[in-house]
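As a plain string of letters, each chain reads:
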Number of protein chains: 4
Amino acid sequence: MTHDVTVDDIKRASRELSNWGRWGADDQIGTLNNVTPAHIVAAAGLIRSGKVFALGVPLSWPLQSTPQKRWNVIHTYMVDGADVHAGLSVGGIQYTDDAIHMPVQCSTHWDALCHILHDNVMYNGVPATAFGSRGPAKNGIENTVNKIVGRGVLLDVARYKNVDHLENGYAISNDELDDCAAAQGVTVGDGDFVIIRTGYQERFLARGNWDGHSYSEAPGVAFENCYWLKEKGVAAIASDTYCVEVRRYYNDGLKDPWHQVVIPSMGITMGEMFYLKELAEDCALDGVYEFFFCAPPLNLTGGTGSPINPQAIK
Amino acid sequence: MTHDVTVDDIKRASRELSNWGRWGADDQIGTLNNVTPAHIVAAAGLIRSGKVFALGVPLSWPLQSTPQKRWNVIHTYMVDGADVHAGLSVGGIQYTDDAIHMPVQCSTHWDALCHILHDNVMYNGVPATAFGSRGPAKNGIENTVNKIVGRGVLLDVARYKNVDHLENGYAISNDELDDCAAAQGVTVGDGDFVIIRTGYQERFLARGNWDGHSYSEAPGVAFENCYWLKEKGVAAIASDTYCVEVRRYYNDGLKDPWHQVVIPSMGITMGEMFYLKELAEDCALDGVYEFFFCAPPLNLTGGTGSPINPQAIK
Amino acid sequence: MTHDVTVDDIKRASRELSNWGRWGADDQIGTLNNVTPAHIVAAAGLIRSGKVFALGVPLSWPLQSTPQKRWNVIHTYMVDGADVHAGLSVGGIQYTDDAIHMPVQCSTHWDALCHILHDNVMYNGVPATAFGSRGPAKNGIENTVNKIVGRGVLLDVARYKNVDHLENGYAISNDELDDCAAAQGVTVGDGDFVIIRTGYQERFLARGNWDGHSYSEAPGVAFENCYWLKEKGVAAIASDTYCVEVRRYYNDGLKDPWHQVVIPSMGITMGEMFYLKELAEDCALDGVYEFFFCAPPLNLTGGTGSPINPQAIK
Amino acid sequence: MTHDVTVDDIKRASRELSNWGRWGADDQIGTLNNVTPAHIVAAAGLIRSGKVFALGVPLSWPLQSTPQKRWNVIHTYMVDGADVHAGLSVGGIQYTDDAIHMPVQCSTHWDALCHILHDNVMYNGVPATAFGSRGPAKNGIENTVNKIVGRGVLLDVARYKNVDHLENGYAISNDELDDCAAAQGVTVGDGDFVIIRTGYQERFLARGNWDGHSYSEAPGVAFENCYWLKEKGVAAIASDTYCVEVRRYYNDGLKDPWHQVVIPSMGITMGEMFYLKELAEDCALDGVYEFFFCAPPLNLTGGTGSPINPQAIK
């Protein structure tokens, strides 16, 4: 696959990989159906040492470096300790309160199945007209509130390739993913939550600022990855970048072709901007790249996604 | 304990139950320290059938029925399907986007240790002056991002007492909690996440509106519960009401005396407005009131709490 | 006119009163075109005593008593005096800062011409598809930034009828408006800003709470008023209620029929929830019901309206 | 005055220029008291041609180029035309709605007297402790709702100096202001609203982007201007920059020394980021640098300022 991904490629893959109707005409969770109770019970067996890794970045990180469409979390305090100190407490108790105003996708998050449409249709044939300013009639993130639990697998592509981070514009092929898995002693299969590490986020962390983080040509999986996801039967995919797929400029202004297939046609729930540094270091140390994974979205009715703090438990 | 809880009672309990310094002068997570890796590994053994219960209420529920200080979640869409349908998509992809503006404590949430002060001081001796409008220097919810995993125990007090819901103003005694646990065949111990069901929330659900939900005299644990928590060594406590403790009117305008002890003195992380209906029905059915519990907060730097969607996994 | 206003009535009035094309195919300000520079110069002559009346209600008033769709102003402080007192000032200066989050129509405001459509079309034939989630291509409030200056006329209907306030559901007829004007010694003519006082707002003010303020059957002008507005050639109309027209329940769920004519067909800019108490008292005292009027909207690109603080200067 | 402005200079000027008590112990509007009804009546005489200039910049301009503390206006639509087109209208009417979330000082605005403190005290001796997270007890912008009407005077310093814009770091002296006024045939006196044009904003407008607009060393009045303001007896001062005074780096991290005098000690209401291009062109053309000025703030209870759209009427 190259920069030459076309609308026809999208249409062909959408047709060939479609999961519409596969889990019923009313299905709203797509490939999360791949997770069975047995998978969850088996994944519990991966909890061996009681170590817990939090994969949500601090909401204070200004990842939206080009705040055109999404903004960084606005966090304000309605009551605080300085009020208490100033003698301004009321009501017989000294308390504090705060609020957040944030795009659901401005920090570590899941994309919901209503986040991307193709040819005016959402996953499982739901028309664009079913989703006005009051929210989608179907495919909101609330459908997945108890569905994001199972076996997690880390594919640390950057470490596999012996680099701190993949270069911008680098497209990870399916073969590389398989080779990486093999090298790291793990297999990817039915109902798995696959997490790809590119080192992209840590590059900015090391540099100490987030200029150029958003709207860059971040590295990520190649377009062909949609076929790999179907073949493996994964439950969901996530990454440390803001778009999982490689961000490139295509002909005719085409954008994010992989998104256009995996969300509306396949029904993949997708995670972005995961914090992977410590988990990856631990996996490298003990050689174990699988773990119990629990990453519940907020119960946001009609959300096109949700901020999250995923947990990897070993 | 009665309506006669006084400032002196608060001071005595604060002194007797204090955990300041117990886990070091810099500790910011309090009783979450009670959870050990061994507890987590043991809790994994409770995952037997692969059933997952989401305990976060829909963010669309208007639980703040008296929106004086906190408001209900404001959920707006920056791009939606109707835009796509109207031919207004830009940038070579059909996507949708939304944002939320919410007090962190307006729906299912954890309270952080910086949420309540007593005598101008937070947990572990942090002064009020360390917490201005830009956020607390210590005790924010971000300290707990990977600490809320372990064994969960449901104490279904309403079911134990054979009622749909406890009456407003009803104070659950320590003996009742012990009797309820015994009747439901479960013990509460070191490092447990204890969840109390009063039926309060389901009362409004059944009625079909939330008038009077907030600022009511909701039922909950009595003041003496702070001693019980210490004795049991629990990690955290949660409930289906908006304040866990019984909400009463005390002399001299005193408010929420239990809060004033368990958060600033003991360092208890507290969960409110948990959705317990289906979990409770399942526990009643199989007689198993314990489960794997994973309820990660958002990584909200300086949060006085965090919206959550806790997971109970059996 | 009665509760029997029908879709046909709306269609007929829309046709008969249409101002589409009257001021050019690209016009976006409608009847504000009725104001000429000569009107403004003449209105300046009404400034005789230097008294200024502010007609914007405090943004802290919770006028949205049923916060289903619009909410009351959320006002938060990013830095405050208590921070300064606590020694938390940074940057060599002691400053304070705040922010507002508000629907543009939750308090005293103008409605813009893009606020109401009829049969999928806005004023001057602009189609609904020109107004997606990123804002309207035309008819936003920004077109009026320097157009809301001229002669203001108060028609104090409540005072004319010798009541504190008109009853809910009361529809003011055209004859009554003319009689009221005559009784109050004022004429309404070309380019005037007409302000109707019903006493509705002061009823709540006197009572001390806003329960039932929004979504009530507030009194206001009858449907036939659209003909009166055209005949008089007014620039804009405003009132102390939240909808100017009488709010009634019509057959077939029809709502706000006058709105459906005066905004999309006639291009009337409309003001709601004006604070009229002191202005009305002063007019009653000196018998002068006309004044210089200056009520600039914020320069809100694409706004469906704008919060305002109109000025009546005598 | 030079870059050597010291804390002592601030203290001396604060003492010498203080207006505390001058208009009563309870005064909350400071130099706006300089405007008398007679001034307003006289100013009405300046309305000769009926031309109206709107001085508020579009709220869509991203003036907060470094969104660390303040952010650009967030403008979202709760209902829009695309919803109507998609057949999603409800309630018998086709309407649209939107909301804004903005720091009151992120765009064209007035600073209120509670915006700056000196030595922990606000204007007229109000202590910092009177202003917690719930808002100031005194000196909020709501006190000025009907007080910002009178004679406006434009001092077009850039045009006077024959440059498109003053250079960054340029400090306008008192003599220059007087010379500019003389050259432009206008005098500044009691109760005037003085508006200074530096060309700063138009420099960015011409360049087509706002990078570096905020937190730059914008040109503006020198520290000594505080004496000039007192001598002239002005009502308020405004400018096309974001801080009116020259923004420089001073010793010991001292910041905005002029602010620290004119707001807390003198009680000056200050306007920032005014849009002056067309007004200035018109004044240059007709040689008339005075006009009727009406710039009402929103009635924002406790606001540290307010977004505005000032009107200059000639």
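What you are looking at is a predicted structure, and each value in this text was computed from that prediction instead of being measured.

Remarks on the packing of helix H1 (residues 7–17) of chain B against helix H7 (residues 225–232) of chain B
Residues and elements named next belong to chain B.
No. 1: Where H1 meets H7, the closest approach of the two axes is 11 Å, and the angle between their N-to-C directions is 5°. With respect to H7, the axis of H1 lies roughly parallel. Contacts between H1 and H7 involve Arg 12, Ala 13, Glu 16 and Leu 17 on the former and, on the latter, Cys 226, Tyr 227 and Lys 230.
No. 2: When its residues are assigned to classes, the contact of H1 with H7 shows four nonpolar, no polar and three charged.

A closer look at the pattern of salt bridges
Residues and elements named next belong to chain A.
No. 1: In the structure shown here, the tally under the stated rule is 68 salt bridges over all chains.
No. 2: The residue Lys 314 makes a salt bridge to Asp 282 at a minimum N-O spacing of 2.8 Å. Of the two residues, Lys 314 sits in the segment after strand S17 (311–313) while Asp 282 sits in helix H9 (residues 277–286), which places them 32 residues apart along the sequence.
No. 3: On the basis of relative accessibility, which here comes to 5%, the residue Lys 314 falls in the buried class.

Notes on helix H8 (residues 257–266) of chain D
Residues and elements named next belong to chain D.
No. 1: Most of H8 sits inside the fold, with ten of its ten residues counted as buried.
No. 2: Burial in H8 covers these residues: Pro 257, Trp 258, His 259, Gln 260, Val 261, Val 262, Ile 263, Pro 264, Ser 265 and Met 266.
No. 3: Gly 267 sits one or two residues past H8 and shows a positive phi near 75°.

Some words on the sheet that holds strand S5 (residues 109–111) of chain D
Whether parallel or antiparallel, the strands of a sheet pair through hydrogen bonds between backbone atoms.
All names here are of chain D.
No. 1: Read from one edge to the other, the open sheet built from nine strands follows the order S1-S17-S15-S9-S11-S13-S14-S5-S16, with strand pairing classed as mixed. The outermost strands of the open sheet, each flanked by one partner alone, are strand S1 (52–54) and strand S16 (305–307). The average angle at which neighbouring strand axes cross in this sheet is 25°, direction not considered.

Thoughts on the sheet that holds strand S14 (residues 269–272) of chain B
Residue and element names in this part refer to chain B.
No. 1: Ordered in space as S1-S17-S15-S9-S11-S13-S14-S5-S16, the nine strands form an open sheet in which the pairing is mixed. With partners counted over all chains shown, the strands left at the sheet margins are strand S1 (52–54) and strand S16 (305–307), one partner each. On average, each strand axis in the sheet is inclined to that of its neighbour by 25°, with strand direction left out of account.
No. 2: With three bridges joining them, strand S15 (residues 290–294) and strand S17 (residues 311–313) adopt antiparallel strand pairing.

Observations regarding the relation of the copies chain C and chain D
What relates the pair of chain copies is a rotation about an axis plus a shift along that axis.
No. 1: Overlay of chain C on chain D (RMSD 0.0 Å): rotation 180°, translation along the axis 0.0 Å. Both copies are brought into coincidence by an operation consistent with a two-fold rotation axis. It is C:His101 whose C-alpha, among those of chain C, lies nearest the rotation axis, at 2.0 Å.
No. 2: An overlap of 100% is found between the interface residues of chain C and their copies at the interface of chain D, pointing to a shared contact surface.

Description of the domain arrangement of chain A
Residue and element names in this part refer to chain A.
No. 1: Under the domain assignment, chain A is made up of domain 1 (7–69 + 105–313) and domain 2 (71–102).
No. 2: Spacing between the C-alpha centres of domain 1 and domain 2 amounts to 35 Å.
No. 3: At the interface, nine residues of domain 1 touch four residues of domain 2.
No. 4: At the boundary of domain 1 with domain 2, total buried surface from both sides reaches about 600 Å², with 67% on carbon and sulfur atoms.
No. 5: The largest share of the area that domain 1 buries against domain 2 comes from Leu 59, Gln 64 and Cys 106, three residues that together contribute 60% of it.
No. 6: Summed over the shared surface of domain 1 and domain 2, the result is zero salt bridges.
No. 7: At the boundary of domain 1 with domain 2, the tally comes to two residue pairs in polar contact (both at pLDDT 80 or more).
No. 8: Considering only residue class, the side of domain 1 that touches domain 2 consists of seven nonpolar, one polar and one charged.

What counts and how
Residues numbered from 1 in each chain as written. Chains lettered and ligands numbered in written order. Predicted model: local features only at pLDDT ≥ 70, side-chain atom pairs only at ≥ 80, totals over all residues. Heavy atoms only, no water. Axes fitted to C-alpha atoms, helices over the stretch in contact; angles between N-to-C directions. Helix = DSSP H or I, 4+ residues; strand = E, 2+ residues; numbered from the N terminus. Parallel < 35°, antiparallel > 145°, perpendicular 65-115°, else oblique. Contact = heavy atoms within 4.5 Å. Nonpolar A, V, L, I, M, F, W, Y, C, P; charged D, E, K, R; others polar. Salt bridge = Lys/Arg side-chain N within 4 Å of Asp/Glu carboxyl O. Buried < 20%, exposed > 50% of the residue type's maximum accessible area, 1.4 Å probe, protein only. Pairing = 2+ DSSP bridges. Least-squares fit on C-alpha atoms with pLDDT ≥ 70 in both. Domains from an automatic or database assignment. Buried area = accessible area lost by both parts, 1.4 Å probe. Polar contact = N/O pair within 3.5 Å; in protein donor to acceptor, adjacent residues only side chain to side chain.

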